[in-house]
Amino acid sequence: MDRQTADEVLECLVGERTLYHYYRDRYSIGLLRHLSRRQALRIAALKQSPYAQLLQKPRVRNILADSGGKEIDDMQLTRHDYDADQTDFVLTLGTWGSELKRETCWKQTSRPGYNLVLQLNFCRRHDRLFQRLGYTGDSFNYRGHPVSERRNTLAWARIDLDWQTGTALIEEIQSDWIRRVAWLGERVAGRLKSGQQPADETRYCGLKCSLQTTQEYCRFALERYAAIWAEAMLWATIAFVREELGLQRIYYHSEESGRLLKNIRGKLPPRSLYTDLPRKFCFVPTQETPEFLLRASGVGKAIRRREGLSFFQLT
């Protein structure tokens, strides 16, 4: 999108903070709630749709048991949209990109212009624990990526959109934090296994802390966030696009379309983020291309040259 559009969205939506709560598989309830807002959902029809897999989620199965198994409505889904063990986050919004073609490659936007960035940040409870280590957010975030300037960012999603067609494209979902914490945890475990003492210090990004304390944090972060960060980020993004932006047509890059249009060279992002994750959320493969990409200078031509190029779409 152009800079003016991105700035207008920021002006309308940016606030001090938006609290966001997530528990494992919450997206299954959320997707069904989006479907059920106009009328109750018939289970027989759902079983024949891309959403059939959601019916196997334990929480959804409990709802079906309570409802008699023939249909479910928004009220029933809402009553089950809570978990005592949910994890708290703070969402912030930013922008990323450039309208200069020569910068598009390293900005990794599908067309010259700007993306909205939805940032999934840690809550204060996590940050208090993290600060006791003596680390800063820069220890696990890379400032060359679209992370929050004020908060510790677990993950982010980049979104391109087009008001004319009512369409959004999820460009990427990524986390520096989990990748770097996993690397540090392996490094510390290796040093302890080699005979170093728990009280010995380890250095990382110019800071130092005991091996034991660092290992405790890495274990906590990976146990609490590694399994849920991607689905928490994608569900926050879908809810944001539909409920805040009011756009219903959502596309997501496939591994091939992302590599081609974002000019990704060298090391590729984790494959599962562009295969398993969208399928988990009931996106379906499609050779239908977001219309606004076809209109973009040079981009549409590249798409037409690549026969059979596919995206994912949430129908």
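Student: What should I look at first to understand helix α7 (residues 124–132) in this one?
Tutor: Since the α-helix packs 3.6 residues into each turn, any two residues three or four apart lie on the same face. Along α7, the positions that sit buried rather than exposed are His126, Asp127 and Phe130. With its buried residues spanning 95 degrees around the axis, α7 presents them on a single face. Exposed and oriented more than 90 degrees from the buried face of α7 are Arg124, Arg125 and Arg132. Tucked into the core, α7 has its buried residues touching β5 (113–122), α8 (176–193) and α9 (211–226). Just downstream of α7 lies Gly134, where phi reads positive at about 90 degrees.

Student: What should I look at first to understand the packing of aromatic side chains in this one?
Tutor: Aromatic ring pairs are described here by two measures, namely the spacing of the ring centres and the angle between the planes. Summed over all chains, the structure comprises 17 aromatic pairs. Centre to centre, the rings of Phe220 and Tyr225 are 6.1 Å apart; their planes meet at 90 degrees, and the pair counts as edge-to-face. Note on Tyr225: relative accessible area 3%, which makes it buried. An aromatic cluster is present here, built from Tyr20, Tyr22, Tyr23, Phe89, Phe122, Phe130, Phe140, Trp177, Tyr217, Phe220 and Tyr225 joined pairwise through their rings.

Student: Would you take a moment to explain the side chain of Ser175 for this structure?
Tutor: By the element assignment, Ser175 lies in the loop between β7 (167–174) and α8. One polar contact links the side chain of Ser175 to the main-chain carbonyl oxygen of Leu154, over a distance of 2.6 Å. Reaching out from Ser175, the side chain makes a polar contact with the backbone nitrogen of Ile178 at a distance of 3.2 Å. Setting aside residues up to four positions removed in sequence, Ser175 forms contacts with Leu154, Ala155, Trp156 and Trp229.

Student: What is the right way to read a negative patch on the surface from this model?
Tutor: Residues Asp2, Glu8, Glu11 and Glu99 make up a contiguous surface patch of negative charge. Position of Glu11 relative to the elements: it lies in helix α1 (residues 3–13).

Student: What should I look at first to understand the pattern of salt bridges in this one?
Tutor: Between side chains of opposite charge, a pair can form as their charged atoms come close. Counted by the stated rule, this structure contains 18 salt bridges. Ionic pairing is found between Arg33 and Asp74, a salt bridge with its closest N-O pair at 3.1 Å. Within this pair, whereas Arg33 is found in helix α2 (residues 26–36), its partner Asp74 is found in helix α5 (residues 74–79), the two being separated by 41 residues in sequence. The class for Arg33 is buried, based on a relative accessible area of 19%. Linking Arg306 and Glu256 is a salt bridge whose minimum nitrogen-to-oxygen distance equals 3.4 Å. Residue Arg306 is found in the loop between α14 (299–305) and β12 (311–314), and its partner Glu256 is found in helix α11 (residues 255–261); the two are separated by 50 residues along the sequence. A residue is classified by how much of its surface remains accessible, and Arg306, at 35% relative accessible area, is partly exposed. For Glu256, a relative accessible area of 27% corresponds to the partly exposed category. Through salt bridges that share partners, Arg26, Arg33, Asp74 and Asp81 make up one connected network.

Student: So what exactly am I meant to see when it comes to the environment of Ile29 here?
Tutor: Mapping Ile29 onto the fold places it in helix α2. Here the alpha-carbon distance between Ile29 and Asp81, two residues 52 residues apart in the chain, equals 6.6 Å. Every residue in contact with Ile29, bar those within four places of it in the chain, is listed here: Tyr23, Arg59, Val60, Ile63, Leu77 and Asp81.

Rules used throughout
- Residues numbered from 1 in each chain as written.
- Predicted model: local features only at pLDDT ≥ 70, side-chain atom pairs only at ≥ 80, totals over all residues.
- Heavy atoms only, no water.
- Buried < 20%, exposed > 50% of the residue type's maximum accessible area, 1.4 Å probe, protein only.
- Helix = DSSP H or I, 4+ residues; strand = E, 2+ residues; numbered from the N terminus.
- Arc of directions from axis to C-beta.
- Contact = heavy atoms within 4.5 Å.
- Phe/Tyr/Trp six-rings, centres within 6.5 Å; stacked < 30°, edge-to-face > 60°.
- Polar contact = N/O pair within 3.5 Å; in protein donor to acceptor, adjacent residues only side chain to side chain.
- Patch = residues over 30% accessible without salt bridge, like charges linked within 9 Å, V, L, I, M, F, W, Y side chains within 5 Å.
- Areas by Shrake-Rupley, 256 points an atom, 1.4 Å probe, with all protein chains shown as cover.
- Salt bridge = Lys/Arg side-chain N within 4 Å of Asp/Glu carboxyl O.
- Lys, Arg positive; Asp, Glu negative; His and termini not counted.
- Charge placed at Lys NZ, Arg CZ, Asp CG, Glu CD.

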